[in-house]
Amino acid sequence: MSMLTPPGMGGKYRIKGDRYPRMRRSRGRGKIIFASVASMVAVAMIGWGTLQLIDIFSGGSGGARASGAGGKPGDCATPAASRDAAAAKDEHSRAPGDAGKGKGRGKAKSEDDKGGRDDKGKKSEGEGKGGKNGGSPPEGKLPEPRAITVNVLNATSRDGLAQSTADDLKKRGFKIGKVGNAPDGLDKKVKKAGMLVGAPGSATSARLKVLSTQVDGTGTKFTERDGKDVDLVLGDGFKKLTKKKAAMSTLAKLNKSKPSPSSSGKC
């Protein structure tokens, strides 16, 4: 055992030659690495912030906005900004003469609209006098069923025939006047389905044509009388009214076959 070996060590740490064990404290390598990384991150953040400040003060984003509001919209330009820019460009490119013409056209259009409204008002007034309120249909057109008053008279021996027929005509839009028995001159003397009676004149003829679409196999008779109403005298051959669909179809054909005033002759 050497003299340099501590007691109780048994020569395990025997020192030989000029080599001695290191007795100083180990260096903190972890702290050094952490400090280095933190320094690098700080430098990077400072550099990024500097670049952002330079970009803001140099007007880089302002240039992008200006290019977006110009003739060609940029990537970040909104549709509203593009429309405003296009409208401003059109306004600046419009010549003073064109603006004057536009004003003139607008004034002429407003005058035309005013004239159209006046004509429409006059037309409505004319329709009120000679159309619906006048009671007479336009020339060349048959009257509507609601404009015809029908007296339903029974010339047969069947009870209640006139009333039931009047009810059916009312459902089809006709106005019903008198309902009862036929006068002595026609009672039990009508062999056909019916007899249509009215005053002479073209207006009465038009009413009788409309009424004839509701009953098949009727005759027509004109007598001197007052009023616009017409008579439907039910005869022995009457069974029931024509089907509503067929009557409407016949009435439509009669209206189409009537010549219009402007279709013949000179203006």
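Quantities reported herein were computed from a predicted structural model and do not represent experimental measurements.

Caption draft 1: Quick peek at the overall build of the protein chain. Looking only at helices and strands, the protein chain has seven helices and five strands in total. Starting at the N terminus, the α and β elements of the protein chain follow one another as α-α-α-α-β-α-β-β-α-β-β-α. Taken across its 267 residues, the protein chain has 19% of its residues classed as buried. For the protein chain, the share of sequence-separated contacts (at least 6 apart) that also reach a separation of at least 24 residues comes to 73%.

Caption draft 2: Up close: the pairing of strand β1 (residues 149–154). Of all the six residues making up β1, five are buried; the element is thus mostly covered by neighbouring parts of the structure. With five bridges joining them, β1 and strand β2 (residues 175–181) adopt parallel strand pairing. Counterpart to V150 in the pairing with β2 is I176. On the question of chirality, the crossover connecting β1 to the parallel β2 by way of helix α5 (residues 161–171) is right-handed.

Caption draft 3: Region of the structure containing the side chain of T242. By the secondary structure assignment, T242 is in the loop between β5 (230–234) and α7 (244–257). Owing to a relative accessible area of 11%, T242 belongs among the buried residues under this scheme. The residues contacting T242, other than those within four sequence positions of it, are R172, T213, Q214, V215, D216 and A247.

Caption draft 4: Examining the pattern of salt bridges more closely. One pass over the full model with this rule turns up three salt bridges. The residue D187 makes a salt bridge to K188 at a minimum N-O spacing of 3.3 Å. For D187, a relative accessible area of 23% corresponds to the partly exposed category. Between R225 and D231 there is a salt bridge, with its nearest N and O atoms 2.9 Å apart. Classification of D231 as buried rests on a relative accessible area of 11%.

Caption draft 5: Here's a closer look at the environment of G185. By the element assignment, G185 lies in the loop between β2 and β3 (194–198). Overall, the relative accessible area of 54% leaves G185 in the exposed class. For the pair G185 and A155, spaced 30 residues apart in sequence, the C-alpha to C-alpha distance is 9.8 Å.

Caption draft 6: Fine view of the side chain of N154. Tracing the backbone shows N154 in strand β1. Taking relative accessible area as the criterion, N154 reaches 4% and is therefore assigned buried. Looking at N154, its side chain comes within polar contact range of the main-chain oxygen of R158, at 2.6 Å. Filtering out sequence-adjacent residues up to four positions away, N154 remains in contact with L161, A162, G180, N181, A182, D187 and L234.

Caption draft 7: Seen up close, helix α6 (residues 202–212). Looking at α6, one finds that the buried residues are T204, A206, R207, L208, V210 and L211. In the core, the buried residues of α6 are packed alongside β1, β3, β4 (218–222), β5 and α7.

Conventions used here
Throughout this document, residue positions are counted from 1 along each chain, in the order its sequence is written. Note on the predicted model: pLDDT of at least 70 is required for a residue's local features to be given, and 80 or more for side-chain atom pairs to be given and counted; whole-chain, interface and lining totals, by contrast, use all residues. Hydrogens and waters are ignored; side-chain quantities use all the structure's heavy atoms. The way it works is that DSSP assigns letters per residue, a run of H or I at least four long becomes a helix, a run of E at least two long becomes a strand, and they are numbered from the N terminus. Throughout this description, buried means an accessible area under 20% of the type-specific maximum (1.4 Å probe, protein chains only), exposed means over 50%, and partly exposed covers the range between. Should any heavy atoms of two residues lie within 4.5 Å, those residues are counted as being in contact. Whether two strands pair comes down to DSSP finding at least two bridges between them. Here is how to tell: hold the view so the strands point away, follow the path from the first strand over the helix to the second, and if it runs clockwise the crossover is right-handed. What counts as a salt bridge is simple: a side-chain nitrogen of Lys or Arg found within 4 Å of a carboxyl oxygen of Asp or Glu. Pairing of N or O atoms within 3.5 Å defines a polar contact, subject to two protein rules: one partner must be a possible hydrogen donor and the other a possible acceptor, and residues neighboring in sequence count only if both atoms are side-chain atoms.

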